[in-house]
2 protein chains.
Amino acid sequence: MGQVANRRYRLRHRPAGTVTPVDLEFGEESVPSIGPGQALIRTLWLSLDPANRIWMSEIHYNMPPVPIGGIMRGFGIGEVVESRREDMRPGDLVSGITGWADYAVADATNLAPFTVLPSPLPGPPGSLLGALGHTGITAYLGVHDIGRPRPGETMVVTAAAGAVGSVAGQIGKARGARVVGTAGAASKCDHVVRGFGFEACVNYRDADWRDQLDAATPDGVDVIFENVGGQVFEHLLDRLNVGARIALCGLISEYNSYGSPTPAQGRIGVDQILMNRAELRSFLVLDHIDRFPEAVDYLRGLLDAGTLVHDETVVEGLEHAREALNQMFTGANTGKLLIKVAEPTSVR
Amino acid sequence: MGQVANRRYRLRHRPAGTVTPVDLEFGEESVPSIGPGQALIRTLWLSLDPANRIWMSEIHYNMPPVPIGGIMRGFGIGEVVESRREDMRPGDLVSGITGWADYAVADATNLAPFTVLPSPLPGPPGSLLGALGHTGITAYLGVHDIGRPRPGETMVVTAAAGAVGSVAGQIGKARGARVVGTAGAASKCDHVVRGFGFEACVNYRDADWRDQLDAATPDGVDVIFENVGGQVFEHLLDRLNVGARIALCGLISEYNSYGSPTPAQGRIGVDQILMNRAELRSFLVLDHIDRFPEAVDYLRGLLDAGTLVHDETVVEGLEHAREALNQMFTGANTGKLLIKVAEPTSVR
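For every chain, the first residue of its written sequence is number 1, and the numbers climb from 1 along that sequence. Whichever chain is written first is A, and whichever ligand is written first is 1; the rest continue in order. Thresholds applied to this predicted model are a pLDDT of at least 70 for local features of residues and 80 or more for the giving and counting of side-chain atom pairs; totals over whole chains, interfaces and linings are not thresholded and use all residues. Calculation of side-chain values draws on the structure's entire complement of heavy atoms; hydrogens and water are dropped beforehand.

Novice: Outline the sheet that holds strand E9 (residues 178-183) of chain B, listing residues and values.
Specialist: Paired strands, as defined in this entry, are two strands with at least two bridges between them according to DSSP. The numbering of helices and of strands both runs from the N terminus, where a helix is a DSSP run of H or I of at least 4 residues and a strand a run of E of at least 2. Read across the sheet, 12 strands follow the order E10(A)-E9(A)-E8(A)-E11(A)-E12(A)-E14(A)-E14(B)-E12(B)-E11(B)-E8(B)-E9(B)-E10(B) without closing on themselves; strand pairing throughout is mixed. A single partner strand is all that each edge strand has here, and the edge strands are strand E10 (200-203) of chain A together with strand E10 (200-203) of chain B. Each strand of the sheet is rotated relative to its neighbour by a mean of 15°, with strand direction disregarded. With four bridges connecting them, strand E8 (residues 154-157) of chain B and E9 of chain B associate as parallel partners. For Thr 154 of chain B, the partnering residue across the bridge sits in E9 of chain B and is Arg 178 of chain B. The contact definition used throughout considers only heavy atoms, calling two residues in contact when any of these lie within 4.5 Å. To define axes, lines are fitted to C-alpha atoms, for helices over the stretch in contact only, and angles between the resulting N-to-C directions are given on a 0 to 180 degree scale. In this fold helix H3 (residues 134-147) of chain A packs onto strand E8 (154-157), strand E11 (221-226), strand E12 (240-248) and strand E14 (279-282) of chain A, with an angle of close to 150° to the strand it touches most, E12 of chain A.

Novice: Report on the interface of chain A and chain B, specifying residues and quantitative values.
Specialist: On the chain B side, the residues contacting the 34 residues of chain A number 33 residues. Carbon and sulfur atoms make up 60% of the surface buried where chain A meets chain B, a total of about 2700 Å² over both sides. Two parts placed together each lose some accessible area under a 1.4 Å probe, and the buried area is that loss summed for both. By the criterion of area lost to chain B, the three top residues of chain A are Leu 274, Met 275 and Arg 277 of chain A, representing 27% of everything that side buries. The salt bridge definition used is simple: a Lys or Arg side-chain nitrogen within 4 Å of an Asp or Glu carboxyl oxygen. For the pair chain A and chain B, the interface holds six salt bridges. One salt bridge connects Asp 287 of chain B with Arg 277 of chain A, and the closest N-O pair in it is separated by 2.7 Å. Polar contacts, as counted here, are pairs of nitrogen or oxygen atoms within 3.5 Å of one another; within protein the pair requires one atom able to donate a hydrogen and one able to accept it, and residues that are adjacent in sequence qualify only if both atoms are side-chain atoms. Between chain A and chain B we count 13 residue pairs in polar contact (both at pLDDT 80 or more) in total. When contributions to the side of chain A that touches chain B are tallied by element, the ones reaching two or more residues are helix H7 (231-237), helix H8 (252-255), strand E13 (267-269), helix H9 (271-275) and E14 of chain A. Looking at side-chain class alone, the side of chain A that touches chain B contains 19 nonpolar, seven polar and eight charged residues. In terms of strand pairing, E14 of chain A meets strand E14 (residues 279-282) of chain B through three bridges, oriented antiparallel. Residues are grouped as follows: Ala, Val, Leu, Ile, Met, Phe, Trp, Tyr, Cys and Pro are nonpolar; Asp, Glu, Lys and Arg are charged; all remaining types, including Gly, are polar.

Novice: Residue-level account of the pattern of salt bridges, with values.
Specialist: Going through the model one piece at a time under the given rule, you end up with 44 salt bridges over all chains. Glu 279 of chain B is the salt-bridge partner of Arg 281 of chain A, the closest N and O atoms lying 3.9 Å from each other. Note that Arg 281 of chain A is positioned in strand E14 and Glu 279 of chain B in strand E14, a pairing that runs across two chains. Using a relative accessible area of 7% as the deciding quantity, one classes Glu 279 of chain B as buried. Across the pair Arg 8 of chain B and Glu 25 of chain B runs a salt bridge, and its minimum N-O distance is 2.8 Å. Of the two residues, Arg 8 of chain B is situated in strand E1 (residues 5-11) and Glu 25 of chain B in strand E2 (residues 24-30); the sequence distance between them amounts to 17 residues. Taking relative accessible area as the criterion, Arg 8 of chain B reaches 5% and is therefore assigned buried. Per-residue accessibility, obtained with a 1.4 Å probe over protein chains only, is compared with the maximum for each type, and a residue is labelled buried under 20%, exposed over 50%, and partly exposed between these values. On the accessibility criterion, Glu 25 of chain B (28% relative accessible area) is partly exposed.

Novice: How would you sum up the packing of helix H3 (residues 134-147) of chain B against helix H4 (residues 163-174) of chain B? Please name residues and give values.
Specialist: To describe two helices that pack against each other, one gives the angle between their axes and the distance between the axes. Residue and element names in this part refer to chain B. Two elements in contact, H3 and H4, have axes whose closest approach is 8 Å; the angle formed by their N-to-C orientations is 45°. Our classification of the angle between H3 and H4 gives oblique. The handedness of the crossing between H3 and H4 comes out as right-handed. The segment H3 lies against H4, with Thr 135, Gly 136, Thr 138, Ala 139, Tyr 140, Val 143 and His 144 engaging Ala 163, Val 164, Val 167, Ala 168, Ile 171 and Gly 172. Angles below 35 degrees are treated as roughly parallel, those above 145 as roughly antiparallel, those between 65 and 115 as roughly perpendicular, and all remaining angles as oblique. Working rule for handedness: look at the near helix, and if it is turned counterclockwise from the far one by less than a right angle, call the crossing left-handed; if clockwise, right-handed.

Novice: Quick one: what's the story with the environment of Lys 340 of chain A, residue by residue and with numbers?
Specialist: Residue and element names in this part refer to chain A. Within the secondary structure, Lys 340 sits in strand E16 (residues 336-340). With relative accessibility at 17%, the residue Lys 340 sits in the buried group. It is 6.5 Å that separates the C-alpha atoms of Lys 340 and Leu 46, two residues lying 294 residues apart in sequence. Excluding anything up to four places from it in sequence, Lys 340 contacts Leu 44, Trp 45, Val 314, Val 315, Glu 316, Gly 317 and Leu 318.

Novice: Mind laying out the confidence of the model for chain A, listing which residues take part and the relevant values?
Specialist: Note that predicted coordinates carrying low pLDDT should not be read in detail. Looking at chain A as a whole, the pLDDT averages 95, with 98% of positions reaching at least 70. Under the prediction, the complex receives an ipTM of 0.92, its pTM being 0.94. Predictor confidence is given residue by residue as pLDDT, running from a minimum of 0 to a maximum of 100.

Novice: Give a detailed account of the packing of aromatic side chains, specifying residues and quantitative values.
Specialist: Each Phe, Tyr or Trp ring, with Trp reduced to its six-membered ring, pairs with another whose centre is within 6.5 Å; inter-plane angles below 30 degrees give stacked pairs, above 60 give edge-to-face pairs, and intermediate values give tilted ones. Inspection of every chain in the model, using the stated rule, returns 14 aromatic pairs over all chains. Between Trp 55 of chain B and Phe 75 of chain B, the aromatic rings sit 6.4 Å apart at their centres with planes inclined by 45°, giving tilted as the arrangement. You can see Trp 55 of chain B sitting in helix H1 (residues 50-56) and its partner Phe 75 of chain B sitting in the loop between H1 and strand E4 (76-83), a full 20 residues away along the chain. As far as burial versus exposure is concerned, Trp 55 of chain B and Phe 75 of chain B are alike and both buried. Here the aromatic residues Tyr 9, Phe 26 and Trp 100 of chain A are joined through ring pairs into a cluster of three or more. Each ring is checked for a lysine NZ or an arginine CZ that lies within 6 Å of its centre and within 35 degrees of its normal; such an atom marks a charge sitting over the ring. Here the basic side chain of Arg 73 of chain A rests over the ring of Trp 55 of chain A, its NZ or CZ set 5.1 Å away from the ring centre.

Set out below in structure tokens:
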């Protein structure tokens, strides 16, 4: 395969804000050759996640930072094109850390092992990285373990149109909660209410978003599924009921400041947490790989029942990955954001 | 009893900082007379707690604010001096909301019912309001339910010389944790290490307190038992280990700002909670009255084994209660702060 190029992103500098072409260099190199115990994976689909931006910083977030000079880390679905492993055959579809590259090597050194996917696939590839993948599992863990909404309670989900938020809210609804979302555009809010069935959704870019949020949560807030941070989060804390639970899943409004001279810190007042005997807990899906089967079973049940809608935004071409990631932080996508890298060469 | 005066504090204004004699008026009035189903209680010991200051504000903290004009709320131990209740006889010792007054009426309207104490008393009166009372139970709940220190983990307790902190740290030690305290004076730190057996204690008034705290927690921080808020809390958050637990028990550095034009809000950065998948949970002992027996059993076991030391600061005379409460916020006491109001008139 020597004459085929491997397009890849290598991290050259830790970004100080929006990721530039100088920070994350896109270029071509030769396709890796494999040895015993290795398989060569051709990336088909790449998952873009807020954690990508964290791994470019110096923060250790379940995994060490991407080393300077290293290929950018990312989860994806690929196809085995060559194998010297007994458990993988050419044509197998696998999921794992494909990285931001056309080709990856699957071996014992992977930070997370590649998994061979069943054939036929149990769902569209996007859903396997989205509602049935680490994104949906994130929502499941945050809602079931931390938010624990009860019937009739009010649950607010920030970044409700996003990959995790849209699933989290739908799980909350399935548990009987009254689910309210926030998003950054009227069209997104419309999608959150009509597409995902939330009770209401507030556009935080409206001047009167505080009043709208108050009106949408007349009985206060029992559960927050927090993905964003900042002023909306602060305002929600002022509306907590006694015994409220906050699943702190992300602070996406901040990640692009990591590496800058004045990184955001997600400052909040904890007085309302104290006075309301509330619980705020963070979690990371990669810490709970043992629970993936349980989560996927649950999510598949909701999908099959029509209670859960998987939504995705697909960007064609690996060459657009950096730009698409940057746009995730300005809220360009709804649902799971994916890069379609290539078509499978063989179908088994 | 008509000619005996009832000295009492009535709340005239919600304080805007330190509690003044105008806010909380000390004076005399006639002793209440009782009717059917009531008993007259003479206060012997009064417990001073940070919550007293919260109840003077407009915050509903398990119980409604003390109404303007009402007698100041407080827990204490008293003696039944007259009874028209079948379950109380003159001479019985009781615990409950005696209020900041020489006399209280025990009846069905009490926000928390009075309880007849066993005779002989199961410990010195101070310990029944301290290590074996709501103070010790607070420490128990925060350590067992939220902090959950495991052997070898590092647990930091702020306000470690105080009533709750001193017990919390000793429970942490009994569970095998390496317990580090913070306090506001060298003499207090000395007491925390020698009297309560903490591994180390840092005086947050020292210029190099950050370095001292870093040196005392070389392996990072697994558990915070937080009573204070402010800069020390912020610094501890920067030292969290993955999976850390924070029992948010109080923010005593703030309560005296409640009612002021710029109340403190205990602002913290939550980014370290996110990145370390940590848990921050608040709790209030009065929400868990059903668990008092379990907690008291545990605490008595530690006391009997000599693993737990009850410590108290006793101020003589109800007339000093307001001043003593104010001094609690400047850190004048170690251990449980009590007002000795009167000697029992009868011993049964």
